[in-house]
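Per-entry structural report
For reference, the chains in residue letters:
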Amino acid sequence: MKKVYGSAIEALEGLLSDGMLISAGGFGLSGIPELLLSAIRDSGAKDLTFASNNAGVDDFGIGILLQTKQVRKMISSYVGENAEFMRQYLSEELELEFNPQGTLAERMRAGGAGIAGFYTKTGVGTMIAEGKEHKEFPTGPDGVMEAYIMENGIFADLSIVKAWKADTTGNAVFRKTARNFNPPAAMSGRVCVMEVEEIVEPGTLDPDTIHLPGIYVHRMIQGAHEKRIEQRTTRPRPAA
C-alpha cells in the first residue's frame, strides 16, 4: 500500500469535503501540520470543524483557515494568542466547544480506540458540564459517591499530524514537546495524513522508540517546515 505522496495537495486528494470534522495535532505552534493546513486552505473546503488544542496564531496554523472563514466550529482548549479566533468567537461568527486539555486528548484517544464515551470528574460543576450526562460513582475505600460527567469520543473524518521521523510504512517518532496532541489526533481520524521532516526506510527506527504505529497512518509527505517561536522572551545580556 502506497503511503508516501509527493505533496500535501496530492496526499489530501479525494479526502476533503465541506462540513467535515478534522482532528489536528499541535500545541501552540509546536508540532502543527502546517503544510497540510495550507493545502486545506487552498482547497477551498468550508464549514469545517476542527478538533485541536488551539488555532495557532493569526497567520499560522489553523489561524490561516480562520482568516478565510473556512472554519465553522472549533473543539478546543485554548483561545488566546489568536486575535481573529477571539474576534470570531465573541462576535458569534464561530462556534466554540470548550474542552479541558486532558479531556480533549482523551476524547481523541478514545475515538481511536473505538470507545464511544467515558466518564470524568473534570468539569463537574462548571459550564463544561452543562447539558452532559451526570453519573455518580463510588470513589476511595469509604465508598463516597462523587459526580462524573460523560464525554464523547472524537471520531474525525480526517486527522492531520506532524512527525519528526517516520519510515515508509508510517511508524512515527515525534520530537520532544512536539509530540503533544499528535498521537491521539492521528488515532481519532478515519483517515490520517501525516507530514514528516524525514522519511526513512523500514527497520531504520528502533521499534522501542516508536510513538505512533504505522497502522494509524494512511498517507504522508516529507517537507521543509518553518519552526516559529510563539512568544520569544529575552533579557539584556549582563555586562562582563
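The following refers to the structure shown. (Residues numbered from 1 in each chain as written. Predicted model: local features only at pLDDT ≥ 70, side-chain atom pairs only at ≥ 80, totals over all residues. Heavy atoms only, no water.)

**Comments concerning the pattern of salt bridges**
Taken as a whole, this structure holds 13 salt bridges when the rule is applied. Residues E93 and K69 are paired through a salt bridge, measuring 3.6 Å at the closest nitrogen-oxygen approach. Here the residue E93 occupies a position in the loop between α4 (83–90) and β4 (95–98), and K69 occupies one in the loop between α3 (63–67) and β3 (71–76), the gap between them amounting to 24 residues. Here E97 and K73 are joined by a salt bridge, their closest N and O atoms 3.0 Å apart. In this pair, E97 sits in strand β4 while K73 sits in strand β3, placing the two residues 24 residues apart along the sequence. Here E97 falls in the partly exposed class, since its relative accessible area comes to 24%. Within this structure, R72, K73, E95, E97 and R107 form a network of salt bridges that share partners. (Salt bridge = Lys/Arg side-chain N within 4 Å of Asp/Glu carboxyl O. Helix = DSSP H or I, 4+ residues; strand = E, 2+ residues; numbered from the N terminus. Buried < 20%, exposed > 50% of the residue type's maximum accessible area, 1.4 Å probe, protein only.)

**Here's the deal with a nonpolar patch on the surface**
Together, M86, Y89 and L90 line one region of the surface with nonpolar side chains, adding up to about 300 Å² of accessible area. Classification of L90 as exposed rests on a relative accessible area of 69%. (Patch = residues over 30% accessible without salt bridge, like charges linked within 9 Å, V, L, I, M, F, W, Y side chains within 5 Å. Areas by Shrake-Rupley, 256 points an atom, 1.4 Å probe, with all protein chains shown as cover.)

**Looking at the packing of aromatic side chains**
Enumeration according to the criterion identifies 4 aromatic pairs in this entry. Where F27 meets F181, the ring centres are 6.5 Å apart and the plane angle is 25°; that geometry is what we call stacked. Here F181 lies in the loop between β9 (172–173) and α6 (182–188) and F27 lies in the loop between β1 (21–24) and α2 (34–43), a separation of 154 residues in the sequence. You can call F181 buried: its relative accessible area is 6%. Ring centres 6.2 Å apart and planes at 80° place the aromatic pair Y89 and F98 in the edge-to-face group. Among the aromatic residues, those joined into a ring-pair cluster are Y119, F137 and Y148. The ring of Y5 carries the charged tip of K2 above its face, separated from the ring centre by 4.6 Å. (Phe/Tyr/Trp six-rings, centres within 6.5 Å; stacked < 30°, edge-to-face > 60°. Lys NZ or Arg CZ within 6 Å of the ring centre and 35° of its normal.)

**A closer look at helix α5 (residues 101–112)**
Under the 1.5 Å per step criterion, the end-to-end length of α5 is 17 Å for 12 residues, consistent within 8% with the ideal 16 Å. Residues T103, L104, R107, M108, A110 and G111 constitute the buried set of α5. Taken end-on, α5 shows its buried residues confined to a sector of 160°, consistent with a single buried face. (Expected span 1.5 Å × (residues − 1). Arc of directions from axis to C-beta.)

**What to know about unusual backbone geometry**
With a phi angle near 50°, K176 is a residue other than glycine that sits in the positive phi range. Along the chain, K176 falls in the loop between β9 and α6. Its identity as a non-glycine residue notwithstanding, N180 has a phi of 25°, on the positive side. Within the element layout of this structure, N180 appears in the loop between β9 and α6.

**Considering the environment of A147**
Along the chain, A147 falls in strand β7 (residues 144–152). Measuring from C-alpha to C-alpha, the distance between A147 and K135 comes to 5.6 Å, with 12 residues separating the pair along the chain. Not counting chain neighbours up to four residues away, the residues in contact with A147 comprise K121, V124, K135 and E136. (Contact = heavy atoms within 4.5 Å.)

**A short note on the side chain of Q70**
With respect to the helices and strands, Q70 occurs in the loop between α3 and β3. Exposure remark for Q70: the relative accessible area of 5% places this residue in the buried category. Only 3.4 Å separates the side chain of Q70 from the backbone oxygen of R41, close enough to count as a polar contact. Apart from residues lying up to four places away in sequence, Q70 is in contact with I40, R41, G44, A45, K46, D47, L48 and L65. (Polar contact = N/O pair within 3.5 Å; in protein donor to acceptor, adjacent residues only side chain to side chain.)

**Let's talk about the pairing of strand β5 (residues 117–120)**
Side-chain alternation along β5 places F118 and T120 on a buried face and G117 and Y119 on a face that remains uncovered. Note that β5 and β7 share 4 bridges and pair antiparallel. By the bridge assignment for β7, F118 is matched with E151. (Pairing = 2+ DSSP bridges.)

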